[in-house]
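A structural walkthrough
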Amino acid sequence: MQISVFGCGYLGAVHAACMAHLGHEVVGIDVLPEQVALLGQGRAPFHEPGLPELLESSLATGRLSFSIDAASAASATVHFICVGTPQKKNEYAADLRYVRAAVTGLLPFLKPGDVVVGKSTVPVGTAEELAELVHEAQPEAELIWNPEFLREGFAVEDTLRPDRFVYGVADTDQGRAAAAVLDEVYARALGDGTPKIETDLATAQLVKVAANSFLATKISFINAMAELCEATGADVTQLADAIGHDARIGRRFLNAGLGFGGGCLPKDIRAFMARAGELGVDQALSFLREVDSINMRRRVRMVDLAREVCGGSIVGRKIAVLGAAFKPDSDDVRDSPALSVAAQMQLQGAYVTVSDPQAIDNAAKKWPDLVFAASVEDAVADAEVVLVATEWPEYVGLDPTALRSKVREPNVLDGRNCLDPVAWRAAGWTYRALGRR
Ligand code: UGA
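Residues numbered from 1 in each chain as written. Predicted model: local features only at pLDDT ≥ 70, side-chain atom pairs only at ≥ 80, totals over all residues. Heavy atoms only, no water.

Following the sequence through the fold, T199 ends up in strand β8 (residues 196-199). The residues touching T199, leaving out its near neighbours within four places in the chain, are V166, Y167, G168, V169 and A204. (Helix = DSSP H or I, 4+ residues; strand = E, 2+ residues; numbered from the N terminus. Contact = heavy atoms within 4.5 Å.)

Below, the structure written as C-alpha cells:
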C-alpha cells in the first residue's frame, strides 16, 4: 500500500517505520524540518528501543521517506493522522490544533477511494467533525478512527504486534470498503490472529481514553492503598502481589510509587473530564479528579519523606535523584514525576543533582536550573539522600555495598518500589519507600 503518515513524533515516526518494515511504501510528513532531516538520515529524534535499526533498514529498502510537504501525500491511498493532542495551557481540554491542521493540509490531495485513518488521541466527537471535512473535500474518501495503544519503550513491538485493533467506521458501503483497505495495511497482524473490534466513530474514540483512564485509575488505586499502608505499617508491594493473584484484578499496573506521568495518561484523563463536562455528564468522570489528586499527592509525599530522612529539613542537604524520564526506556520527560519531585526539592532549598541514562538533555531543556550529572557516581558523590525516581535497570541493579562508600549519608528513597530493601539495609542503608514499612 502507498501510505502517508502525518506527524513524526513518538507515534508517527514509529508507525511510519513499522509500516515500511511490513512492506508498504511510506512517506512520513512533519512540519519540523529538523525532525524530518534526522529521520531521513535514519536517526531517531527520541530514545525508543529498536527504532534506529528499523529506520535504517526501512530507509535502505527505499520504501520509507520523510518530507515537510503535505503534497508528498498525494500519491498515497491511506493517510494516518499521528500528530499530538497536548493539554491546552491552563485548561484541562486537549489542544486539537495540530490534528485539524494535519487533516486540513491533507484535504487538497485526497482522491476517490482514499482512506484517512485517525490515530491521535482525541476527545469524542472530533472524528465526526473531521469526517465531515474529509467528505466535503472529497465525497469518495473516507475517515476511519483507529486509536493507537502503543507504550513508549515498547513502541515498535506494540505497533508490529498490537494486542487488538479498533476501527471506528461509518455504517455505509464506503465505510466498509475503507475498513477493507485498512485490513490490507494490517494484513500481517490480522493474519496472525490479532483481534479486531469494528465499531462506530464515537466508541472507537472512547475506547482509547477509557483504556488510559482505567490504567491511571489502577495506578492511583494502588497508590491510595499505599497511603493506607503508610498509616498502618502495612506493605503495599505485598498487598499488590496478594490482590494481583486474583485473575480478575491482575498484578500489572499495580506498582505503587511516584505514580504516573508522561505525555498520555495525565493529559488524557484531564481531557476526558473536560469533554464529559461539555457533554453534560461530568459526574460520570468525577472519580478521575480523585485519580489525578492521588497521583499528585505521591510527589508531595516523596518530598516529605526526604524531609523526614533528613531530620526535618532539606534546606542545604545534598540529594541525588536517579531518573529524570517519566519511565524507563524512554527519554520523555513530559510530566515526569521524577523531575517534578527533583524540582520541588530544589525549590525547597535542597542541593539536587539529577542523573538519567537517556533523558538528561530533555530534562535540562525543561528544568535548566537543576544540576545534572552524567553518571550515577557523579550524581551521588557526597549525597545525603539518594532517591531512585525512575526504575531504569541500571538503577535497580545498583550494588548497595559499592554505592555506600560513594555517599556522605547512606539514605535511600525508593520512589518506584524497585529495590530490594533487605539487601540495601544489609549494606548499611536507611531504606524508605512509599507505602512500605
Ligand atoms: C500509555 C498507555 O499505557 C498506552 O497503552 C497508550 O497507548 C499510551 O499511554 C498513549 O496514550 O499513547 P505510556 O505513556 O507509554 O503508555 O506509559 P505507561 O507504560 O502506561 O506508563 C505511564 C506511567 O505510569 C509511567 O510514569 C509509569 O511509571 C507509571 N506506572 C505504570 C506506575 O506508576 N505504576 C505502574 O504499575 C505502571
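Text resumes after the structure shown.
The next subject is the site of the ligand. The ligand sits among 21 residues. The nearest are F149, L150, E152, K208 and N212. A distance of 3.4 Å separates an oxygen atom of the ligand from a polar atom in the backbone of L254. Element by element, the count of residues in the shell around the ligand is highest for helix α9 (residues 201-232), at four residues. Residues that form the shell around the ligand fall into these classes: 10 nonpolar, four polar and seven charged. Here the shell around the ligand spans two domains, since at least three of its residues come from each of domain 1 (2-199) and domain 2 (214-433). (Near = heavy atom within 4 Å. Polar contact = N/O pair within 3.5 Å; in protein donor to acceptor, adjacent residues only side chain to side chain. Nonpolar A, V, L, I, M, F, W, Y, C, P; charged D, E, K, R; others polar. Domains from an automatic or database assignment.)

For an interface, size is often stated in terms of accessible area lost upon the parts coming together. Each assigned domain of the protein chain is listed here: domain 1 (2-199) and domain 2 (214-433). Put simply, the middle of domain 1 and the middle of domain 2, counted by C-alpha atoms, are 33 Å apart. Counting residues at the interface gives 17 residues for domain 1 and 20 residues for domain 2. Regarding the contact of domain 1 and domain 2, the summed buried area is about 1,500 Å², with carbon and sulfur atoms giving 51% of it. The largest per-residue losses of area from domain 1 upon contact with domain 2 belong to H47, Y92 and E152, which jointly make up 46% of the total buried on that side. (Buried area = accessible area lost by both parts, 1.4 Å probe.)

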